[in-house]
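Spelled out from the first residue to the last, the chains are:
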Amino acid sequence: MLNKNIVTILIVFCLGLTPLSLDSSVVISQDGGWSDNFNDGNIDGWTVQGWNMTNDPPTVLPGNFTADDFTLRAYDKETNHAYHNSTVAYGTWVFDVHSVPTPNNHSYIAFVSGPAVTIGGVDWETTVPYEYGLAVVNGMLGQLHNTFVFYRRSQGGSTLDILGTYDVGVMTGWHHIEITRDFEGNFEIYINDTLGITAADTNYATSEIFSFYTLPGLALDNIAVTPLPPETTTPTVPTTTPSTTPTGGGPINMTLLLIAGGGIAVVVIVALVVTSRR
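The structure presented is a predicted model; accordingly, all values stated were derived computationally and were not measured.

Brief notes about the pattern of salt bridges
Two side chains with opposite charge may pair up if their charged atoms get near one another.
Consideration 1: Counting across every chain of the model gives 4 salt bridges.
Consideration 2: The closest approach of N and O atoms between Asp69 and Arg73, which form a salt bridge, is 2.7 Å.
Consideration 3: A salt bridge links Asp161 to Arg152; its shortest N-O distance comes to 3.1 Å. Each member of the pair, Asp161 as well as Arg152, carries the same accessibility label: buried.
Consideration 4: One continuous salt-bridge network, built from bridges that share partners, spans Arg152, Asp161 and Asp201.

So, in structure tokens, the structure goes:
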């Protein structure tokens, strides 16, 4: 089990790490809510690919997900990747994940992500997307053991910056996940109806896909993605009524929804202090 305060944790995934610089921008509104419970027995709307990391560059594989058991479940023995168009970067992400042991002991659900990675070719690493996601660690992975890991990935690399963790006693089986993010970048992650992780991050203000990376056995179900409604503000008009008391005029009350952070420094290991709530 990990201490609640984790100073430095580094997860190495089968992809890569290059920092992403974003210009400051203001989030005005968003759309794109969607859901899938797979009760129709198909995975329409999902794109599937796969790869074998034992080769350099990786060998492209078709990947294998089906909804034969009315869930989105992976079957191919190598890395499987399924993704769905998803433009929600602020809002709520709800899903159920069925965790099972795998040879590498971990899988990833990237609920905010840039465009999907393109496997193959000598420069394939540069296409690895920026992400916010939840890693499912079933077993031992470095210092981690039977835990959920909230992570941030930068564009184009294989390391993850850990924003929070939540340990559970029994990892194998179904778990219910609810994630919220407000326009100020505050995340709350509920695991089995318990607030397990809180964190704040403003690096990424847009999303293109919702991704699921895993070796065989794991599944997702009952996915529902809901955008946060845009905030509305009404300016306060300065009064022109004469007054015997000098005034400086009324302020205009305009709420800035979010200014995305600027560039991210190039680092090899990022030391983070995060707090996880059991």
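Re the packing of aromatic side chains
Consideration 1: According to the stated counting rule, one finds 17 aromatic pairs in the structure shown.
Consideration 2: On the basis of an interplanar angle of 50° and a centroid distance of 5.0 Å, the ring pair of Trp93 and Phe111 is categorised as tilted. Residue Trp93 is found in strand β9 (residues 91–99), and its partner Phe111 is found in strand β10 (residues 106–113); the two are separated by 18 residues along the sequence.
Consideration 3: Judged by relative accessible area, Trp93 falls into the buried class, the value being 0%.
Consideration 4: The exposure class assigned to Phe111 is buried, which follows from its relative accessible area of 0%.
Consideration 5: An angle of 55° between the planes, with centres 4.8 Å apart, marks the rings of Phe150 and Phe187 as tilted. Highlighted residues: Phe150 in strand β12 (residues 144–153) and Phe187 in strand β15 (residues 186–191), separated in sequence by 37 residues.

Looking at the nonpolar core
Consideration 1: Ranked by size, the top nonpolar core spans 41 residues in total, and within it Phe150 and Phe210 carry the most contacts.
Consideration 2: Setting aside chain neighbours within four positions, we find Phe150 in contact with Phe111, Tyr132, Gly133, Leu134, Asp161, Ile162, Leu163, Gly164, Phe187, Ile189, Ile197 and Ala199.
Consideration 3: Counting residues in hydrophobic clusters, the runner-up holds 15 residues, among them Trp51, Ile119, Leu144 and Val149.

What to know about unusual backbone geometry
Consideration 1: You will see that Asp193, though not glycine, has its phi angle at about 70°, which is positive.
Consideration 2: Turning to its location among the elements, Asp193 is positioned in the loop between β15 and β16 (194–200).
Consideration 3: Judged by relative accessible area, Asp193 falls into the exposed class, the value being 62%.

Considerations on the environment of Gln155
Consideration 1: Locating Gln155 in the fold gives a position in the loop between β12 and β13 (156–167).
Consideration 2: Separated by 42 residues in sequence, Gln155 and Ser113 place their C-alpha atoms 9.8 Å apart.
Consideration 3: A distance of 2.9 Å separates a polar side-chain atom of Gln155 from the backbone oxygen of Val128.
Consideration 4: In terms of polar contacts, Gln155 uses its side chain to reach the backbone amide nitrogen of Tyr130, at 3.3 Å.

So, the pairing of β13
Consideration 1: When you tally the buried positions in β13, you get 12 out of 12 residues, the bulk of the element.
Consideration 2: By the bridge criterion, 6 bridges tie β12 to β13 in an arrangement that is antiparallel. Directly across from Phe148, in β13, lies its bridge partner Tyr166.
Consideration 3: Between β12 and β13, which follow one another and run antiparallel, lie 2 residues.

Points about the environment of Val60
Consideration 1: With respect to the helices and strands, the residue Val60 is situated in strand β5 (residues 59–61).
Consideration 2: Look past the residues within four positions of Val60 in its chain and what remains in contact with it is Gly50, Ile119 and Gly120.

As for the side chain of Ser113
Consideration 1: Relative to the helices and strands, Ser113 is located in strand β10.
Consideration 2: On the basis of relative accessibility, which here comes to 0%, the residue Ser113 falls in the buried class.

Describing the confidence of the model for the chain
Consideration 1: Considering every residue of the chain, the mean pLDDT works out to 78; 72% of them sit at 70 or more.
Consideration 2: Between residues 1–28, whose pLDDT stays under 50, and residues either more than four places distant or in other chains, the model counts 107 contacts.
Consideration 3: Segment residues 233–278: pLDDT under 50, and 86 contacts once partners within four positions in sequence are set aside and those in other chains are kept.

Parameters and conventions
- Going along each chain's sequence as written, the residues are numbered from 1 onward.
- Residues qualify for local features only when their pLDDT is at least 70, as the model is predicted, and side-chain atom pairs are given and counted only at 80 or more; totals for whole chains, interfaces and linings, by contrast, use all residues.
- Side-chain numbers come from the whole structure's heavy atoms, not from hydrogens or water.
- The salt bridge criterion pairs a side-chain nitrogen of Lys or Arg with a carboxyl oxygen of Asp or Glu, the two atoms within 4 Å.
- Burial status follows relative accessibility: with a 1.4 Å probe on protein chains alone, a residue under 20% of its type maximum counts as buried, one over 50% as exposed, and anything between as partly exposed.
- Each Phe, Tyr or Trp ring, with Trp reduced to its six-membered ring, pairs with another whose centre is within 6.5 Å; inter-plane angles below 30 degrees give stacked pairs, above 60 give edge-to-face pairs, and intermediate values give tilted ones.
- Only runs of H or I of at least four residues qualify as helices and only runs of E of at least two qualify as strands under DSSP, and these elements are numbered from the N terminus.
- To form a nonpolar core, buried Ala, Val, Leu, Ile, Met, Phe, Trp, Tyr and Cys residues must be joined to one another through side-chain atoms within 4.5 Å.
- Every residue pair with non-hydrogen atoms within 4.5 Å of one another is taken to be in contact.
- Pairs of N or O atoms are called polar contacts if they sit within 3.5 Å, as long as, within protein, a hydrogen donor faces a hydrogen acceptor (for residues adjacent in sequence, only side-chain-to-side-chain pairs).
- Two strands are said to pair when DSSP picks up at least two bridges between them.
- Across the chain, each position has a pLDDT score giving the predictor's confidence in that residue, from 0 to 100.

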